[in-house]
Amino acid sequence: MTALHDRAHEPGTLTTATILFTDVVSSTALRIRLGEERANVVFRRLYELLRSVVTASGSSFTKSLGDGLMAVFDSATAGLDAIIAVQQAVADENERAQEKISIRAALAAGDVCWGHDDVSGLPTVEAARLVAVAEGGQVLCTDLVRRLAQGRSRHEFKDLGRLPGKGLREPMHTYELHWQSADHHLGAGLAPWLDERGLPFVGREEQLRTLDAELAAAEFGGNLVLLQGEPGVGKTRLASEVARRALKRQFTVLAGRCTDPARKAYEPIAGAVERLARTSPALLLRAGIDQQCGQLVRLAPSLAAPPLSLEVPPATEPVSERYHLLAAARTLIERLATVRPVLLIVDDLQWATLESLQMLNALMWDADALPLLVLAMSRPVPVESAMPELHKLTADARVVPVPAFGPDEVSHALTEARAAGDAAVLHRITGGNAFLISEVIRELTAGKDLDALAVPDSVTRMVLARLSQLHPDARDLVNLLAVGERMSSAELRQGLGLDEARFVAAVEEAMGAGLVTMLDNGSCHFSRPAGTARPGR
Ligand SMILES: Nc1ncnc2c1ncn2[C@@H]1O[C@H](COP(=O)(O)OP(=O)(O)OP(=O)(O)O)[C@@H](O)[C@H]1O
Ligand SMILES: [Mg+2]
């Protein structure tokens, strides 16, 4: 039982509240079937699950009712959201558990009086009466609950008319909540950058077959898969498709990405955990996340907010702090993996910092028995420039190359987008690069003619974006070449005022980004992205 005896809930205080009652259908039959001891374990686990879910959904007070629970909310919307989360959590559990459990629930609203460890009033009587007539899986509520939540019209109800309630003076106007249609956990599942929906998804059948098999295998042990391909080829989009499939398979999906330069410490893990703490605190509670993961508050401040309320351990010396941080990240993944298998997506691994790579290595260490799939995406990294930590991480990884689209996929993309254009021409001018294809198709659907398309603005934007990721020396070099088109190495070096080593590094980087080409005679020229060469080459 939890009670927040803040001033608003002091004994004797009256407040307007929404009351939720839940009950387990046929609990007596279940007890007989399981035997008292096993039944107690199942019911205790269920109660903990419900309590953590409703607390995470904003309940200020919960109380055990034997096989069920009562929870009090300050708003009808919070109560409705909580029971949807409960029913979905129970449905999740049922997917995996041998003993299926069915919950019925009811909500009522009105003034209640707070006691020392209880609340009382008409809404508690109404909710108790309604839950008694509800069927398995059903959520009933009074008309008042529906009307209080009306402004937030995400909820759907069915009017059941007036139901008589034992001990009530009048029959209650009752509604049934359609919780099955609420896409709560799918909606919360994907980070916005992983949820981009441009053109309908095309191609990648072979890669998806491989990745589906990796998801299936991950339920029995940890693995690392690396999606590798040129800039704009479609790595992130493919990963988002895998993420959707993982959600359907009841995976917990965590996703973070690296940027250059990194915006925070341990960037991909920090981003993934922060989002999880914000969107799925109930899941973290269910996984038993506790103070052992306290170090992670440094990376994901939402872990410190209720209901998780983790505290940052006092600072010690840096080496042991780092060790404890890595251990905390590993603990978090291990515990999450006890609830459901975990898919951890790490985008743009080519920009991972040394510390991020060390953390990923710590997560993957001896992960054979952990139901975990780490799916990382990376542009090709020149072997000479890669960090040893990156090699260590990817040495045992399964590499899935993501190639440019062939003419068939380009044609498929045109059909799917209902755009008119010659697939062969589009394939030629884009080199099969998904980013360029989708940009050109956007122009085509806006009414432009393929023949009239020179270099779309967005291609210029891509060059600029790529440019912004270069070292300033390489950026200066590209800018100079863009004006001069073609220059000898000596002229360029002089123009830039760089010493030999810095000049070579700048040329290599600009060539690696596909923005500069060096001819056999040693002169450099600026590569236009559209034309015969494909960007990134
Ligand atoms: N299979 C696909 N079907 C439809 N559109 C796609 C597909 N793959 C990629 N795209 C589109 O092409 C664009 C570029 O794809 P994406 O961002 O996945 O590339 P990327 O390889 O991750 O690039 P970068 O290396 O820059 O991160 C996106 O707008 C994406 O929606
Ligand atoms: Mg990407």
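Note that the structure is a prediction, hence the values are computed from the model and not measured.

> What exactly am I supposed to notice about the overall build of the protein chain here?
Along the backbone of the protein chain there are 20 helices and 17 strands. Looking at the 537 residues of the protein chain, the share that counts as buried comes to 50%. Accessible surface, the protein chain: about 25500 Å² in total, of which carbon and sulfur atoms supply 52%.

> Whenever I open this one, the site of ligand 1 confuses me. Can you help?
In the vicinity of ligand 1 there are 18 residues, among which E196, V202, K235, T236 and R237 approach most closely. The contact in question runs from an oxygen atom of ligand 1 to an N or O atom on the backbone of A434, over 3.4 Å. Protein chains bury 87% of the 630 Å² of accessible surface belonging to ligand 1 in isolation. Looking at side-chain class alone, the shell around ligand 1 contains 8 nonpolar, 4 polar and 6 charged residues.

> How should the confidence of the model for the protein chain be read in this particular structure?
A residue-level look at the protein chain finds 88% of positions with pLDDT of 70 or above and a mean pLDDT of 84. Below a pLDDT of 50 lies the segment residues 183-187, which in the model reaches 8 contacts outside its immediate sequence neighbourhood of four places, other chains included. Confidence over residues 530-537 falls short of pLDDT 50; this stretch has 22 contacts with residues more than four positions distant or in other chains.

> Whenever I open this one, the pairing of strand β17 (residues 523-526) confuses me. Can you help?
Side chains on a regular strand alternate between the two faces of the sheet. Across 3 bridges, strand β15 (residues 486-488) lies against β17 in antiparallel orientation. Paired with R486 across the bridge in β17 is H525. Bridge count for strand β16 (residues 516-518) against β17 is 3 bridges, and the pairing is antiparallel. Its bridge partner being in β17, M518 is matched across the sheet by C524. The turn linking β16 back onto β17 is made up of 4 residues, and G522 within it adopts a positive phi angle of 90 degrees.

> It is not clear to me how helix α20 (residues 500-512) should be interpreted in this structure. Could you clarify?
Helix length check: α20, at 13 residues, gives a terminal C-alpha distance of 18 Å against a target of 18 Å (1.5 Å per residue), a fit within 8%. Those residues of α20 not exposed but buried are F503, A506, V507 and A510. Down the axis of α20, the buried set is contained in an arc of 100 degrees. They therefore lie on one face. Along α20, exposed side chains directed more than 90 degrees from the buried face belong to A501, E508 and G512.

> Help me understand the packing of helix α14 (residues 407-416) against helix α15 (residues 423-430), please; the structure alone is not making it clear to me.
Packed helix pairs are specified by the crossing angle of their axes together with the interaxial distance, meaning the distance between the axes. For the pair α14 and α15, the least separation of the axes is 9 Å and the interaxial angle reads 115 degrees. Taken together, α14 and α15 sit at an angle that is classed as roughly perpendicular. Crossing angle aside, the handedness with which α14 passes α15 is right-handed. For the pair α14 and α15, the contacting residues are P407, V410, S411 and L414 in the first and A423, L426 and H427 in the second. Grouping the amino acids of the contact of α14 with α15 by side-chain chemistry returns 5 nonpolar, 2 polar and no charged.

> What should I look at first to understand the nonpolar core in this one?
Taken as a class, soluble globular proteins show a tendency for nonpolar side chains to be buried jointly. Ranked by internal contacts, the top residues of the largest apolar core, which has 52 residues, are L284, L296, L303, L332, L336, L344 and L349. Among the elements of the structure, β10 (223-228), α9 (267-279), α10 (281-286), α11 (318-339), β12 (342-347), α12 (354-364), β13 (372-378) and α13 (388-394) are those that each provide at least two residues to this core. If you tally residues by element for this core, the top one is α11, at 9 residues. The residues contacting L303, other than those within four sequence positions of it, are V273, A277, L284, L296, V297, L308, S309 and L310.

> Is there a simple way to think about helix α8 (residues 235-248) in this case?
Structural remark: α-helix, 3.6 residues per turn; residues separated by three or four positions point the same way. Between its terminal C-alpha atoms α8 stretches 20 Å, which fits the 20 Å expected from 14 residues at 1.5 Å a residue. Positive backbone phi, approximately 70 degrees, marks Q250, located one or two places after α8.

> How do you make sense of the environment of L148 when you look at a structure like this?
Positionally, L148 belongs in helix α5 (residues 143-148). Beyond its immediate stretch of four places on either side in the chain, L148 contacts A76 and A109.

> Is there a simple way to think about the packing of α11 against α12 in this case?
It is at 9 Å that the axes of α11 and α12 come closest, and there the two elements cross at 50 degrees. The pairing of α11 with α12 is recorded here as oblique in orientation. Both α11 and α12 take part in a crossing whose hand is right-handed. Each of R322, L325, L326, A329, R330 and I333 in α11 lies in contact with α12, whose residues at this interface are Q358, M359, A362, L363 and M364.

> I keep staring at the sheet that holds β16 and nothing clicks. Help me out?
Sheet strands pair by backbone hydrogen bonding; their relative direction is either parallel or antiparallel. An order of β15-β17-β16 is seen for the 3 strands of this open sheet, with the pairing classed as antiparallel. At either end of the open sheet lies a strand with only one pairing partner, and these are β15 and β16. Sheet twist, expressed as the mean angle between neighbouring strand axes with direction ignored, is 25 degrees. Set on the sheet, helix α19 (residues 489-496) makes contact with β15, β16 and β17; between it and β15 the angle comes to about 90 degrees.

> In this structure, what is going on with the sheet that holds strand β14 (residues 398-401)? I would like to understand it.
Here 5 strands make up an open sheet; going across it, the order is β11-β12-β13-β10-β14 and the pairing parallel. For this open sheet the edge positions go to β11 (252-257) and β14, each flanked by a neighbour on one side alone. The average undirected angle you get between the axes of adjacent strands in this sheet is 20 degrees. Across 6 bridges, the pairing between β11 and β12 is parallel. Each residue of the ladder has a partner; that of T252, found in β12, is V342. Strands in contact with α9 are β11 and β12; relative to β11, the strand with the most contacts, it is inclined by about 135 degrees.

> Looking at this structure, how should I read the packing of aromatic side chains?
Here a ring pair, both rings aromatic, is described through the centre-centre distance and the interplanar angle of the planes. Applying the stated criterion to the full structure yields 2 aromatic pairs. When the ring of F61 is compared with that of W114, the centres are 5.7 Å apart and the planes differ by 85 degrees; the resulting orientation is edge-to-face. Here W114 lies in strand β5 (residues 103-114) and F61 lies in strand β3 (residues 61-65), a separation of 53 residues in the sequence. This pair shows no difference in class: F61 is buried, exactly as W114 is. Plain terms: the ring middles of F157 and Y175 are 6.3 Å apart, the flat faces sit at 85 degrees to each other, and that makes the pair edge-to-face. Taken together, the positions of F157 in strand β8 (residues 157-163) and Y175 in strand β9 (residues 172-177) put the pair 18 residues apart, joining distant regions of the chain. In this structure F157 comes out as partly exposed when scored by relative accessible area, which is 23%.

> What am I meant to see in the pattern of salt bridges here?
Where charged atoms from two side chains of opposite charge approach closely, those side chains can pair. Under the defined criterion, the tally for this structure stands at 17 salt bridges. As a salt-bridge pair, E214 and R398 come within 2.9 Å of each other at their nearest N and O atoms. Of this pair, E214 sits in helix α7 (residues 205-218) while R398 sits in strand β14; the two residues are 184 residues apart in sequence, bridging distant segments of the chain. Taking relative accessible area as the criterion, E214 reaches 7% and is therefore assigned buried. Overall, R398 belongs to the partly exposed group, its relative accessible area being 40%. With a closest N to O distance of 3.8 Å, K392 and E389 form a salt bridge. Taken together, the positions of K392 and E389, both in helix α13 and 3 residues apart, correspond to about one turn of that helix. For K392, a relative accessible area of 53% translates into the label exposed.

Here is what the cut-offs are and how they apply
- Residues numbered from 1 in each chain as written.
- Chains lettered and ligands numbered in written order.
- Predicted model: local features only at pLDDT ≥ 70, side-chain atom pairs only at ≥ 80, totals over all residues.
- Heavy atoms only, no water.
- Helix = DSSP H or I, 4+ residues; strand = E, 2+ residues; numbered from the N terminus.
- Buried < 20%, exposed > 50% of the residue type's maximum accessible area, 1.4 Å probe, protein only.
- Areas by Shrake-Rupley, 256 points an atom, 1.4 Å probe, with all protein chains shown as cover.
- Near = heavy atom within 4 Å.
- Polar contact = N/O pair within 3.5 Å; in protein donor to acceptor, adjacent residues only side chain to side chain.
- Nonpolar A, V, L, I, M, F, W, Y, C, P; charged D, E, K, R; others polar.
- pLDDT = per-residue confidence, 0-100.
- Contact = heavy atoms within 4.5 Å.
- Pairing = 2+ DSSP bridges.
- Expected span 1.5 Å × (residues − 1).
- Arc of directions from axis to C-beta.
- Axes fitted to C-alpha atoms, helices over the stretch in contact; angles between N-to-C directions.
- Parallel < 35°, antiparallel > 145°, perpendicular 65-115°, else oblique.
- Left-handed = near helix turned anticlockwise from the far one by under 90°.
- Core = buried A, V, L, I, M, F, W, Y, C linked by side-chain atoms within 4.5 Å.
- Phe/Tyr/Trp six-rings, centres within 6.5 Å; stacked < 30°, edge-to-face > 60°.
- Salt bridge = Lys/Arg side-chain N within 4 Å of Asp/Glu carboxyl O.

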